[in-house]
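The primary structure of each chain is shown beneath.
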Amino acid sequence: MQFTLEKEGVSVLYGKELMDAQYIELDKKDIAYFQFILEGYDGLVTATTIDKNRAVVKVFIAPGCGREVEGILDGIGRDIPLRVLNGTEYFTE
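A brief look at the structure comes next.

Below, the discussion takes up helix α1 (residues 31-39). Turning to α1, its buried residues are Ile-31, Phe-34 and Leu-38. One side of α1 carries all its buried residues, which in axial view fall inside an arc of 70°. Exposed side chains of α1 directed beyond 90 degrees from the buried face belong to Ala-32, Phe-36 and Glu-39.

It is worth spelling out the pattern of salt bridges at this point. Per the stated rule, a full pass over the model turns up five salt bridges. Two residues, Arg-78 and Asp-74, come together in a salt bridge whose shortest N-O distance is 3.0 Å. Taken together, the residues span about one helical turn, with Arg-78 and Asp-74 both in helix α2 (residues 66-79) at a distance of four residues. Linked through salt bridges whose partners overlap, the residues forming this network are Glu-25, Arg-54 and Arg-83.

Here the focus is the pairing of strand β3 (residues 45-51). Regular strands place side chains that alternate from one sheet face to the opposite one. By the bridge criterion, six bridges tie β3 to strand β4 (residues 56-61) in an arrangement that is antiparallel. Counterpart to Asp-51 in the pairing with β4 is Val-56.

Calculation criteria
- Numbering of residues begins from 1 in every chain and follows the order in which that chain's sequence is written.
- Totals for whole chains, interfaces and linings use all residues, but because this is a predicted model, local features are given only for residues with pLDDT of at least 70 and pairs of side-chain atoms are given and counted only at 80 or more.
- The side-chain figures draw on all heavy atoms in the structure; neither hydrogens nor water molecules are used.
- Buried residues are those whose accessible area, probed at 1.4 Å on protein chains only, stays under 20% of the maximum for their type, while exposed residues exceed 50% and partly exposed ones sit between those limits.
- Runs of E in the DSSP output that reach at least two residues are strands. Runs of H or I that reach at least four are helices, and both are numbered from the N terminus.
- This arc corresponds to the set of directions leading from the helix axis out to the C-beta atoms.
- We define a salt bridge as a side-chain nitrogen of Lys or Arg found within 4 Å of a carboxyl oxygen belonging to Asp or Glu.
- We call two strands paired when DSSP finds no fewer than two bridges between them.

What follows is the structure, encoded as structure tokens:
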């Protein structure tokens, strides 16, 4: 599976630069595994659970690291099913 992060995602201030943020939907049982893997990329990407019932995680991507994070998500996506939600999809479903 090939992941492409949506440009419609949210941006948050990180130092003096904007940090991209994306919503990822996965199986509830995989949330802890997903966050554990991302913790290994300290400073590159972090995640927080936004909706535990729908199993939606918000991923914050350090400035300039979008391509690396796409590769990380691609690798994780080989182990567990996950889906990148577009900028408005999470709020309208």
